[in-house]
Amino acid sequence: MSAYKLLLLLYDLAKPFHFVVSLILTASPQTILRVALPTPLRRFFDYLPPKDASLQSYEPGMRVLVPFGKRSLVGIITETVSHSTIDNSKLKPIKRLLDTEPTITRNILSLCLWAIQYYHHSPGDVFQNALPLALRNEDTNALEFVTTWQATTKGQLICLTQLSRAPKQVEALNVLRDHPNGLTQTVLSGLNIKPTALTALKGKGLANTHKQLNDYPSWAKESPLKESPLPLNNEQQQATDSIIKKVNCVLTPFLLEGVTGSGKTEVYLQAIEQCLREGKQALILVPEIGLTPQTMHRFQQRFNAPVLAIHSNLTANQRLNAWRQGKAGSAAIIIGTRSALFTPMLNPGIIIVDEEHDLSYKQQDGFRYSARDMAIVRAKIENIPIVLGTATPSFESLHNAHNGRYQHLKLTRRAGGAKLPTFQIADLRKAKLNNGLCETLIDSIEHELKHDNQILFFINRRGYSPVLMCHDCGWNASCVMCDARMTYHRQPAHLHCHHCDFQNRIPHHCPECNSSDLRAIGQGTERIDENLSNLFPKTRIIRIDRDTTRKKQALENQLKQVNSGHPCILIGTQMLAKGHHFPHVTLVVIADIDSGLFASDFRATEHTAQLILQVAGRAGREEKKGKVVLQSHNPEHPVLQSLVHQNYNTFCQYAMPERKLTGLPPFGHIAIFRAEATHANIALQFLESLVEQFNLNNTSSAEAWGPVPALMLRKAGRFRYQVMLRSNERAALHQAITALIPQIEMHPNNRKVRWHLDIDPVHID
Ligand code: ADP
Ligand code: ZN
Ligand code: ZN
């Protein structure tokens, strides 16, 4: 069965779970509340309504405060039932109902219930991910109330001459008399009314405060445009038409495959414009926080409608505010990273997942969901169109497009006349290096600088060098907690393990042979920065990596400098690969591509190809033609050859069949159980008994591979092993897992190992 059909089937399977969502039950003695609680347990908990509150109505999605052992927890009602598997006399009443209407809206509830089944994860944790932090607390209300000031009856009737010695109060009372429905503090401040005057009126019984529900402003759907849209080229027009015309009622997801710079954003903008005209909201997911300000700006420039950002850098209050405005329907456009997927919308109109291939859509800890895959499910639940946009589709999405489960829209040319960049492989074999660069590359850089252009130097490794080695005995600095080398940093000087964050001083002498000849081997961003400064002392060099962007606004300021257009060399990691539009960059250098070609992860070449094309896509995006130089010791490698001489499509034709042969995604389906413990044997034996149990169950066509040690066996002091489960049928895989989980949870060593399950993993390490 196909991946997408199965998503839908699973959604159907989950339906009995949420058939009750529309049912409003008034508490009767038989009403039992089924609640998701923030615990790691994979189950729901039954409670009774409190004895004295028979008139309250309980709806799925409402929050309740319940006793749990000695603690009180905030939980979510997922359904109301009349029978519990536990004897009613043993059920406890909840302490309090926290909401008057569901905090988790009906569709988000369905989405979460789907995820609980599909990811085999604890219900409480799924809902924790779906709620803004503030709402996980019993004292915060999902609805926003504001305080308004009104004149009392006495205040309405009093003769103002009685207040003549307090002109400020007269002024305030006059304003309040004119607005019998009340005014908020903010509006009053705007009218220059001082809080002291209001408090004084309150003291005299002339004014009073009330709490009322905040009315968010709405937007003018008749005229959502602030600037006129660009005239679309043919391909863009076709894509936009397909998205907005909605010919049939079964909405097929769209895969918008457009080469870098082909104007995908313009397609999004015009599809969203249509949506706003219908008074509907748009949700746009982007992979990185770094991209939100830039994307926000483009949307704000285009539309006369509120654009809100949701990402992990917001304060709890800002996040709550954005969530409330989504739910109230006043946020027309919501742009955010992974977790923005859970923002409720009053009038949802479209979902867009930009750079759909990006790995950051998969959460890598706790609730390991894919925001892209869940966005597909959400669009289905909401019955709205969804667009997955990218220049380099994930094999999963391509496969879905090839099978007709997604509608494939293509933009094959750059918009506005810019040309795609040309490629060149710089052969590093036997090349003479000057400051780590070969002569041809130095010449190319010089040439671009002479023409006042910008250069982007991409290297996916921060720090000075990945290895610090003793030249006399071969010792190298490794982490005491991991099977990994420490990265040598110069600014500030220290050794740093990028896997567990362990830090250490730099030794003056080799701890093995006492030699003082310690050498930095290999290159990181700091070293490239130093080398380029040596070679081009007069050129401004801007380094963008995690170390130089820690401070707030640092990244924005650096990007501003780049976009000012002055000639410069930009050095950057992964952070720069995505989505950025650098109009003045004409040369892109990819310093070290070889590590990606030979990694053990079966997706390594796919990810490397995507990375190369994404980084390359930063070159020559406007009038000036772009060029990309790849430095490699393996210039003949078929991945490089197909990308350089053909395109992504050719590369896929080369790489996909291999996946089919091995039954790996997107042709087969996989899940990984990972386990780690302070003693290797405990983790290993735990997984061995998991496999044994799996073979005993032997109920399906799924197969278990392993256990095998993780690539880095020891990390942060723990030994790590893994088992991969695989099947050609997604349903079979999930059946096997469903049978296995309770058995693992009963395992005597369950508490001695840390284990987790990763459905549709994107990294195999
Ligand atoms: P992508 O997201 O596909 O990489 P962008 O949407 O960033 O590409 O577009 C690249 C550039 O092309 C932008 O400067 C954009 O303003 C311009 N552009 C997009 N569509 C058109 C068009 N129809 N006519 C002219 N320029 C366009
Ligand atoms: Zn030594
Ligand atoms: Zn470490």
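**Student:** Quick question: what am I supposed to make of the packing of aromatic side chains here?
**Tutor:** Note on aromatic pairs: each is described by the distance of the centres and the angle between the planes. Scanning all chains against the criterion turns up 13 aromatic pairs. Ring centres of F651 and Y654 lie 6.4 Å apart, and the angle between their planes is 50°; on these two criteria the pair is classed as tilted. Of this pair, F651 and Y654 are both found in helix α20 (residues 648-662), three residues apart, which corresponds to roughly one turn of the helix. With a relative accessible area of 38%, Y654 lands in the partly exposed category. Between the aromatic rings of F686 and W755, the centroid separation amounts to 6.5 Å while the plane-to-plane angle is 35°, which identifies the pairing as tilted. Highlighted residues: F686 in helix α21 (residues 680-697) and W755 in strand β34 (residues 754-759), separated in sequence by 69 residues.

**Student:** What is the right way to read the coordination of the zinc ion (ligand 3) from this model?
**Tutor:** For a metal bound by four donors in tetrahedral geometry, the ideal donor-metal-donor angle is 109.5 degrees, whereas six donors in octahedral geometry ideally sit at 90 or 180 degrees. Ligation of the zinc ion (ligand 3) by protein atoms is provided by C479 (SG), C482 (SG), C497 (SG) and C500 (SG), these donors lying 2.2 to 2.4 Å from the ion. Between the donor residues of the zinc ion (ligand 3), the gaps in sequence give the motif C-x2-C-x14-C-x2-C.

**Student:** Help me out: how do you make sense of the domain arrangement of the protein in this one?
**Tutor:** One frequently used descriptor of interface size is the decrease in accessible area upon assembly of the parts. Each assigned domain of the protein is listed here: domain 1 (32-136), domain 2 (145-213), domain 3 (234-415), domain 4 (422-465 + 522-659) and domain 5 (669-759). Look at where the C-alpha atoms of domain 1 and domain 2 centre, and you get two points 43 Å apart.

**Student:** What exactly am I supposed to notice about the sheet that holds strand β5 (residues 63-68) here?
**Tutor:** Backbone-to-backbone hydrogen bonds pair the strands of a sheet. The strands run either parallel or antiparallel. One open sheet holds the five strands; their spatial order is β3-β2-β6-β5-β7, and the pairing between them is antiparallel. Each end of this open sheet is capped by a strand with a single partner; those strands are β3 (45-47) and β7 (96-97). Of the strand pairs in this sheet, strand β2 (residues 32-36) and strand β6 (residues 71-81) are connected by five bridges, and their pairing is antiparallel. Within β6, the position partnered with L33 by the bridge is T80.

**Student:** Can you help me understand the sheet that holds strand β24 (residues 493-496) in this one?
**Tutor:** Sheet architecture is open: three strands sit in the order β23-β24-β25, paired in antiparallel fashion. In the strand order of this sheet, the two ends are held by β23 (487-490) and β25 (503-504), each with one partner. By the bridge criterion, four bridges tie β23 to β24 in an arrangement that is antiparallel. Its bridge partner being in β24, Y488 is matched across the sheet by L495.

**Student:** Teacher, can you tell me more about the coordination of the zinc ion (ligand 2) here?
**Tutor:** The protein atoms that coordinate the zinc ion (ligand 2) are C470 (SG), C473 (SG), C510 (SG) and C513 (SG), at distances of 2.2 to 2.4 Å. Bound by four donor atoms, the zinc ion (ligand 2) shows angles of 105 to 113° at the metal and therefore tetrahedral coordination geometry. In terms of primary sequence, the donors binding the zinc ion (ligand 2) are separated according to C-x2-C-x36-C-x2-C. Given the relative accessible area of 40%, C473 is considered partly exposed.

**Student:** Help me out: how do you make sense of the site of ligand 1 in this one?
**Tutor:** Around ligand 1 sit 18 residues, and of these P231, Q236, G261, K264 and T265 come closest. In this structure, a nitrogen atom belonging to ligand 1 sits 2.8 Å away from a main-chain N or O atom of P231. The separation between an oxygen atom of ligand 1 and a polar main-chain atom of S262 is 3.2 Å. In the complex, the protein chains occlude 79% of the 560 Å² of accessible area that ligand 1 would expose alone. Examining the composition of the shell around ligand 1, we find that three residues originate from one element, helix α9 (residues 264-277), more than from any other. Across the shell around ligand 1, the residue classes break down as five nonpolar, nine polar and four charged.

**Student:** What exactly am I supposed to notice about the environment of N504 here?
**Tutor:** Mapped onto the fold, N504 is located in strand β25. Given the relative accessible area of 40%, N504 is considered partly exposed. In this structure, the C-alpha to C-alpha distance between N504 and T738, residues 234 residues apart in sequence, is 44 Å. The residues contacting N504, other than those within four sequence positions of it, are M486, H494 and L495.

**Student:** Would you explain unusual backbone geometry in this entry?
**Tutor:** If a residue is not glycine, its phi is most likely negative; likewise, a peptide bond is most likely trans. Of note, the amide linkage connecting Q491 to P492 takes the cis form, showing an omega dihedral of -10°. Relative to the assigned elements, P492 resides in the loop between β23 and β24. With omega at 5°, the peptide bond leading from G706 into P707 counts as cis. By secondary structure assignment, the location of P707 is in strand β32 (residues 703-715). Although it is not a glycine, H120 sits at a positive phi angle of roughly 50°. Within the fold, H120 resides in the loop between α2 (106-118) and α3 (123-130). On the basis of relative accessible area, H120 is assigned to the buried category, the value being 10%. Although it is not a glycine, E355 adopts a positive phi angle of roughly 50°. Along the polypeptide, E355 turns up in the loop between β15 (348-354) and α12 (371-382).

**Student:** Can you walk me through the nonpolar core in this structure?
**Tutor:** Nonpolar side chains tend toward joint burial in soluble globular proteins. Counting residues in each nonpolar core, the largest one holds 115 residues, and the members touching the most others are M374 and F673. With nine residues, α2 is the largest single contributor of residues to this core.

**Student:** Looking at this structure, I do not really get helix α7 (residues 195-203). What am I missing?
**Tutor:** Residue pairs spaced three or four apart in an α-helix point in one direction, given the helix's 3.6 residues per turn. Taken together, the buried positions of α7 are A197, L198 and L201. End-on view of α7: buried residues confined to an arc of 100°, all on one side of the axis. Facing away from the buried surface of α7 by more than 90 degrees, the exposed residues are T196 and G203. Taken from the residues just after α7, G205 is the one with a positive phi, measuring 75°.

Cut-off values and rules
- Residues numbered from 1 in each chain as written.
- Chains lettered and ligands numbered in written order.
- Predicted model: local features only at pLDDT ≥ 70, side-chain atom pairs only at ≥ 80, totals over all residues.
- Heavy atoms only, no water.
- Phe/Tyr/Trp six-rings, centres within 6.5 Å; stacked < 30°, edge-to-face > 60°.
- Helix = DSSP H or I, 4+ residues; strand = E, 2+ residues; numbered from the N terminus.
- Buried < 20%, exposed > 50% of the residue type's maximum accessible area, 1.4 Å probe, protein only.
- Donors = N, O, S within 2.8 Å, 3.2 Å for Na, K, Ca; no water.
- Domains from an automatic or database assignment.
- Pairing = 2+ DSSP bridges.
- Tetrahedral: all angles 85-135°; square planar, octahedral: opposite > 155°, others 65-115°.
- Near = heavy atom within 4 Å.
- Polar contact = N/O pair within 3.5 Å; in protein donor to acceptor, adjacent residues only side chain to side chain.
- Areas by Shrake-Rupley, 256 points an atom, 1.4 Å probe, with all protein chains shown as cover.
- Nonpolar A, V, L, I, M, F, W, Y, C, P; charged D, E, K, R; others polar.
- Contact = heavy atoms within 4.5 Å.
- Core = buried A, V, L, I, M, F, W, Y, C linked by side-chain atoms within 4.5 Å.
- Arc of directions from axis to C-beta.

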